[in-house]
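# Tertiary structure, described
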Amino acid sequence: MKTVAVRISSMRQYDIVIGTDLLANLASIVDLRPYTQVLVLTDSHVAPLYLNTFLEHHRHLRITSHVIEAGEGSKSLAVYEDIQHRLAALNFDRRSLIVNIGGGVVSDLGGFVASTYRRGVPFLNISTTVEGMVDASLGGKTGVNLGSYKNYVGTYAQPVAVVIDVTTLRTLDERNRVAGWAEVIKHGLIASRSYYEMVTSKHPLRFSDSELIEIVTFSCELKRSVVQEDESESGVRKILNFGHTVGHAVESLSYQHMPLLHGEAVAIGMVAEAYLALTRGAISGPEYDDLKARLAGAGLPTRIPFPLPDLTPLTALIEADKKNHGGQIRWSLISSIGACDHDVIVDDSRMVEALCQVVDLR
Ligand SMILES: NC(=O)c1ccc[n+]([C@@H]2O[C@H](COP(=O)([O-])OP(=O)(O)OC[C@H]3O[C@@H](n4cnc5c(N)ncnc54)[C@H](O)[C@@H]3O)[C@@H](O)[C@H]2O)c1
Ligand SMILES: [Zn+2]
């Protein structure tokens, strides 16, 4: 078992524990004895796979399970309210614990419930997706969607610990595993050329458990250090947004055509934004082509898979993005393979050129 002890908040310290067979050995990682009762929040895909392992190993605790329907639709105020009522009926208080077992949907929703129920009860994240392990379960952002407005209602709140058992990825479907890998590749692109080359050296499904532990550890460490340096997202944390300015727009647009997973849209966004880096002379033509080949080799899309009549729907979404301040889009762009700048201003004509690299016009 490999333990990475990290300090993400300046006010609170918590551990991220990464390894194998952790679900069955949770007691050795987190002391659950002080909690008078536990609510396990999980979803309808994860519950049949992992809930029993957790329950069997914690028979001595007073545990209630709450299973939400799998999928983004559960990140809603309606589901949030259901859980709040459940907690109230259980007489949950500050000596109780919410354990989130699942991907980013469960940790975002469960963290938000926990941080607001009676002004805050403790929560633990047990992450079971790549996206969750390297991104969603860390960094303290929690929340739900407000209709079609993604993550509009939420808090910053830190869990008591994050537990990452890489063996749970064995049951995650290929599409979700590959999509989450886009964030792993992004970490290499913004912070380490050797990590980037290593994580794209073979297909994401071909990495062994010990390699996965090494990879998740690097990504967690990176997110920890960046978030710690800049909790309010005013500076260096923005480098984590590489690929996301275009990626978010592509993701939103895809819902009207052929829904893409977040990581798939980010892969396309990274291609467009790497092109911007290319036009600034930050990376070379061969490096740009190699990036596209590595993303494709990982099974990720490098172009929007549906044709568009023109670029307007895409540019409108990009311009509406929340990172667009004072009428100008501020880009996080790689400054070489393995380093990233933020708050870069780019000419509109360059943006159009970059979008043309990833769009097929009808
Ligand atoms: N808070 C943050 O900083 C942050 C960062 C990135 C993403 N997010 C959020 O995370 C969510 C996406 O997370 P996600 O990609 O983990 O999605 P998800 O939680 O919906 O999980 C993806 C699918 O895999 C299933 N699943 C999960 N673990 C499994 C396992 N081990 N075996 C089999 N099936 C499993 C789920 O039931 C679901 O169907 C989005 O809502 C996004 O906004 C938040
Ligand atoms: Zn992302």
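Note that this is a predicted model, so its numbers are computed, not measured.

Our next topic: the overall build of the chain. Secondary structure assignment for the chain yields 12 helices and 13 strands. Dimensions of the chain, computed from C-alpha atoms along their principal axes, come out at roughly 60 × 40 × 35 Å. For the chain, buried positions account for 56% of its 362 residues. Restricting to contacts in the chain with at least 6 residues of sequence separation, those with at least 24 account for 75%. Surface summary for the chain: the accessible area is close to 15,000 Å², and the carbon and sulfur share equals 49%. Of the side-chain charges in the chain, 34 are positive and 41 negative, and the distance between the mean point of each set is 5 Å.

This paragraph deals with the packing of helix α8 (residues 244-254) against helix α9 (residues 262-279). Relative orientation of the contacting elements α8 and α9 amounts to 135°, with a least axis distance of 7 Å. As judged from the angle between their axes, α8 and α9 are oblique. Where α8 crosses over α9, the handedness of that crossing is right-handed. Between α8 and α9, the contacting residues are His244, Thr245, Val246, Gly247, His248, Val250 and Glu251 on the first element and His262, Ala265, Val266, Ile268, Gly269, Ala272 and Glu273 on the second. Of the residues contributing to the contact of α8 with α9, the split by class is six nonpolar, six polar and two charged.

Judged by nonpolar contacts, the single largest core of 75 residues is most densely connected at Ile164, Trp181, Ile185, Leu189, Leu314, Trp331 and Ile334. A total of 11 residues in this core trace back to one element, the largest contributor, which is α9. Beyond its immediate stretch of four places on either side in the chain, Leu314 contacts Ala249, Val250, Leu253, Ile304, Leu308, Leu355 and Val359. One finds Phe54, Leu97, Leu124 and Val163 within the second-largest nonpolar core, a separate group that totals 22 residues.

Coordination of the zinc ion (ligand 2) by the protein is provided by Glu183 (OE), His244 (NE2) and His262 (NE2), with metal-donor distances spanning 2.0 to 2.1 Å. Sequence spacing of the donor residues for the zinc ion (ligand 2), all on one chain, is E-x60-H-x17-H. Placement of the pair is Glu183 in helix α5 (residues 174-191) and His262 in helix α9, with a sequence separation of 79 residues. When its relative accessible area of 0% is taken as the criterion, Glu183 is described as buried.

A word on helix α1 (residues 47-56). Turning to α1, its buried residues number three or more, namely Ala47, Tyr50, Leu51 and Phe54. The arc that holds the buried residues of α1, viewed along the axis, is 110°, so those residues lie on one side. In α1, those exposed residues whose orientation departs by more than 90 degrees from the buried face are Pro48 and Asn52. On its buried face, α1 is in contact with β3 (38-43), β4 (63-68), β5 (97-102) and β6 (123-127).

With that settled, the discussion passes to the packing of aromatic side chains. Counted according to the given criterion, the structure contains six aromatic pairs. Measuring from centroid to centroid gives 4.7 Å for Tyr149 and Tyr152, while their planes differ by 35°, and the two rings are tilted. Residue class for Tyr152 comes out exposed when judged on its relative accessible area of 56%. Across the ring face of Phe207, the terminal group of Lys202 is positioned such that the distance to the ring centre comes to 5.0 Å. When the ring centre of Tyr196 is taken as reference, the NZ or CZ atom of Arg294 above it lies at 5.3 Å.

The subject of this paragraph is the pattern of salt bridges. Overall, the coordinates contain 17 salt bridges when judged by the stated rule. The network of salt bridges with common partners includes Glu72, Lys75, Asp108 and Lys150.

The rules behind the values
Residues numbered from 1 in each chain as written. Chains lettered and ligands numbered in written order. Predicted model: local features only at pLDDT ≥ 70, side-chain atom pairs only at ≥ 80, totals over all residues. Heavy atoms only, no water. Helix = DSSP H or I, 4+ residues; strand = E, 2+ residues; numbered from the N terminus. Buried < 20%, exposed > 50% of the residue type's maximum accessible area, 1.4 Å probe, protein only. Contact = heavy atoms within 4.5 Å. Areas by Shrake-Rupley, 256 points an atom, 1.4 Å probe, with all protein chains shown as cover. Lys, Arg positive; Asp, Glu negative; His and termini not counted. Charge placed at Lys NZ, Arg CZ, Asp CG, Glu CD. Axes fitted to C-alpha atoms, helices over the stretch in contact; angles between N-to-C directions. Parallel < 35°, antiparallel > 145°, perpendicular 65-115°, else oblique. Left-handed = near helix turned anticlockwise from the far one by under 90°. Nonpolar A, V, L, I, M, F, W, Y, C, P; charged D, E, K, R; others polar. Core = buried A, V, L, I, M, F, W, Y, C linked by side-chain atoms within 4.5 Å. Donors = N, O, S within 2.8 Å, 3.2 Å for Na, K, Ca; no water. Arc of directions from axis to C-beta. Phe/Tyr/Trp six-rings, centres within 6.5 Å; stacked < 30°, edge-to-face > 60°. Lys NZ or Arg CZ within 6 Å of the ring centre and 35° of its normal. Salt bridge = Lys/Arg side-chain N within 4 Å of Asp/Glu carboxyl O.

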